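Notes for the structure review
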Amino acid sequence: MSTTETAGFMAMKGAGYYSKATTGAKEVIDAAVPLIKNAVDRMGTLDTTDRPFRAADMGCADGGTSVDMWRQILGHVRTKARDRAIEITYCDLPRNDFSQVFRMLHGQTDIKSYYGEIAGVYPFASGTSFHQAIFPADSVDLAFSATASHYISKVPRNISNHVHMVGANGAERAAYDEIGRVEWERMLALRARELVEGGRLCFLNFGIDGQGRYLGNTGGVSMFDTMAQLWQSLADDKIITQAEFDATNFPQVYRTEDQFVAPLKDPGSAVHKAGLRLEHVEARHLVCPYVRAFQTHGDARRFANEYIPTVRSWSEPTFASGLASGRSPQQRAEILDEFFGRYERAVAAAPSGHGMDYIHIHLVAGKS
């Protein structure tokens, strides 16, 4: 597949909106620093070659959520490879706001950059989907991705009465599980080809833990169920058509831990044959930062006002993609504002149970 359907419309909100609104994603990444440092340490001696050390941040958005992690990891690499150049390539889809990445790196935003703090670091960018080959074979030392690899290249079918595969059943759920299986194995095989011998892959994946929990569904109000209900309310009120509701499907698959590790453990898989081996896997739960703040300040309206932007920062492109192509930009903006406005009012009116707790499957693999 040379071009992906998802790549044609997906982009996190630009101009720094994403990293400002998704503080939880940053907390997940920062908390994984010891895990990533340990993976770097298992690479052994790093100063025996003049080849640049190449790191990749796949699904980087505007780069703000991972900047402090890279400060620590690239600084750690520098202590182990004092004279090697360090390349870091920020990878995302073609519509990503890469200008914001470089503005952040070069100190033109309010985010503190590591550029200039660590000697010999050379930043680059790639607008190629991680469903495709990004780098030449045997050229990447450290491949990293956070809260991104749940995206699939295209949705296999519409979901009845819902907008996300977690709300699908029967053949619909099976179709998403299957494309998730195929594309995950393909993605890992691509990364295995790109990694150098001894290179490491560190992925922090949205997934489903052993208790059946996933993003926004950890015991309170289900975030994706709420989205589906509110989007349907716009169809009921004739603000969107039923066909537009039906066409709104997140291009995502949430996988279980077993599904994540299957191609790494199967001797017959392309991943295993390429030498990629599982080193670590675990599920982690992070309580929504806005829920934690609400427990302190107790202001429901403030909670809703702070919480909804983080939901909007990554979900808006999917709802926009479901709208008919003939709608004007103004119509589309008004519909999206109404949708997220309804969500905000619903949370403000009854905040209990709302929130976006994170469930991630942390996975580390090495190329033997």
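Our subject is the structure listed above.
Predicted, not measured: the structure shown is a model, and the values here were computed from it. Within each chain, residues carry numbers counting from 1 in the order of the written sequence. Residue-level local features of this predicted model are given only where pLDDT is at least 70; pairs of side-chain atoms are given and counted only at 80 or more, and the full residue set underlies all totals for whole chains, interfaces and linings. Only hydrogens and water are set aside; all other atoms, that is, all heavy atoms of the structure, feed into the side-chain values.

Convention adopted: a line fitted to C-alpha atoms gives each axis, helices being fitted over their contacting stretch, and angles between N-to-C directions are expressed from 0 to 180 degrees. A run of DSSP states H or I qualifies as a helix once it reaches four residues; a run of E qualifies as a strand once it reaches two. Both are numbered from the N-terminal end. Viewed as axis vectors pointing N to C, helix α12 (residues 289-297) and helix α13 (residues 300-322) meet at an angle of 170°, and their least axial separation amounts to 10 Å. Relative to α13, the element α12 lies roughly antiparallel. Of α13, the residues touching α12 (which contributes Tyr290, Val291, Phe294 and His297) are Ala300, Arg302, Phe303, Glu306, Tyr307 and Thr310. In terms of residue class, the contact of α12 with α13 is made up of six nonpolar, two polar and two charged. Convention used here: angles under 35 degrees read as roughly parallel, angles over 145 as roughly antiparallel, angles from 65 to 115 as roughly perpendicular, and any remaining angle as oblique. We call two residues in contact when some of their heavy atoms are within 4.5 Å. Here the term charged refers only to Asp, Glu, Lys and Arg, the term nonpolar to Ala, Val, Leu, Ile, Met, Phe, Trp, Tyr, Cys and Pro, and the term polar to all other amino acids, Gly among them.

The buried fraction of strand β2 (residues 86-91) is high, at six of six residues. Residue exposure (1.4 Å probe, protein chains only): buried if accessible area is under 20% of the type maximum, exposed if over 50%, otherwise partly exposed. By the alternation rule, side chains of β2 split into Ile86, Ile88 and Tyr90 and Glu87, Thr89 and Cys91, which are all buried. With respect to chirality, the unit in which strand β1 (residues 53-58) leads through helix α5 (residues 67-80) into the neighbouring parallel β2 is right-handed. Here β2 pairs with strand β3 (residues 121-126) via six bridges, running parallel. Each residue of the ladder has a partner; that of Glu87, found in β3, is Tyr122. Seen with its strands pointing away from the viewer, a crossover is right-handed when the path leading from the first strand over the helix to the second is clockwise. When DSSP finds two or more bridges between a pair of strands, those strands are recorded as paired.

Moving on: helix α7 (residues 170-194). For a helix, the expected span equals 1.5 Å multiplied by the number of residues minus one. If you check α7, its first and last C-alpha atoms are 36 Å apart, about what 25 residues at 1.5 Å a residue would give, namely 36 Å. Regarding α7, the residues found buried are Glu172, Tyr176, Ile179, Gly180, Glu183, Trp184, Met187, Leu188, Leu190, Arg191, Ala192 and Glu194.

All right, on to the packing of aromatic side chains then. Ring geometry is summarised as follows: Phe, Tyr and Trp rings, the Trp one being its six-membered ring, pair when their centres sit within 6.5 Å, and such pairs are stacked at plane angles under 30 degrees, edge-to-face over 60 and tilted between the two. Considering all chains together, one arrives at 19 aromatic pairs under this definition. For the pair Trp184 and Phe203, a centre-to-centre distance of 6.2 Å together with 55° between the ring planes defines the contact as tilted. Within this pair, whereas Trp184 is found in helix α7, its partner Phe203 is found in strand β5 (residues 195-208), the two being separated by 19 residues in sequence. This pair shows no difference in class: Trp184 is buried, exactly as Phe203 is. With centroids separated by 6.3 Å and ring planes inclined at 85°, the aromatic side chains of Tyr307 and Tyr343 adopt a geometry described as edge-to-face. A residue pair is termed long-range when its members are at least 10 positions apart, and Tyr307 in helix α13 and Tyr343 in helix α14 (residues 329-349) qualify at 36 residues. Note on accessibility: Tyr307 and Tyr343 belong to one class, buried. Taken together, the aromatic side chains of Phe206, Tyr214, Phe224, Trp231, Phe250, Tyr254, Trp314, Phe319, Phe339, Phe340 and Tyr358 make up a single cluster linked through ring pairs.

With 87 residues, the main nonpolar core has Trp70, Tyr114, Leu142, Met223, Met227, Trp231 and Tyr307 as its most contacted residues. Of the residues forming this core, the biggest block, nine residues, is contributed by α13. Once residues lying within four places of it in the same chain are set aside, the contact partners of Trp70 are Ala55, Ala56, Asp57, Gly75, Ile88, Tyr90, Tyr114, Ile118, Leu142 and Phe144. We define the nonpolar core as a collection of buried residues of types Ala, Val, Leu, Ile, Met, Phe, Trp, Tyr and Cys that are connected through side-chain atoms lying within 4.5 Å of one another.

Here we take up the pattern of salt bridges. By definition here, a salt bridge exists when the distance from a side-chain nitrogen of Lys or Arg to a carboxyl oxygen of Asp or Glu is within 4 Å. Inspection of the entire model under this criterion finds 25 salt bridges. Here Arg173 and Asp177 are joined by a salt bridge, their closest N and O atoms 3.6 Å apart. Here the residue Arg173 and the residue Asp177 both occupy positions in helix α7, the gap between them amounting to four residues, near one helical turn. Residue classification places Arg173 among the partly exposed residues on the basis of a relative accessible area of 23%.

Next up on the list: the environment of Ala333. Relative to the elements of secondary structure, Ala333 occurs in helix α14. Residues Ala333 and Ala320, 13 residues apart in the sequence, show an inter-C-alpha distance of 8.6 Å.

Attention now moves to the packing of α13 against α14. Interhelical geometry of α13 versus α14 gives an angle of 145° and a closest axis separation of 9 Å. Considering how the two elements wind past one another, α13 and α14 form a crossing that is right-handed. Taken together, the residues of the contact of α13 with α14 sort by class into 14 nonpolar, two polar and six charged. By convention the crossing between two helices is left-handed if the near helix lies anticlockwise of the far one by an angle smaller than a right angle, and right-handed if it lies clockwise.

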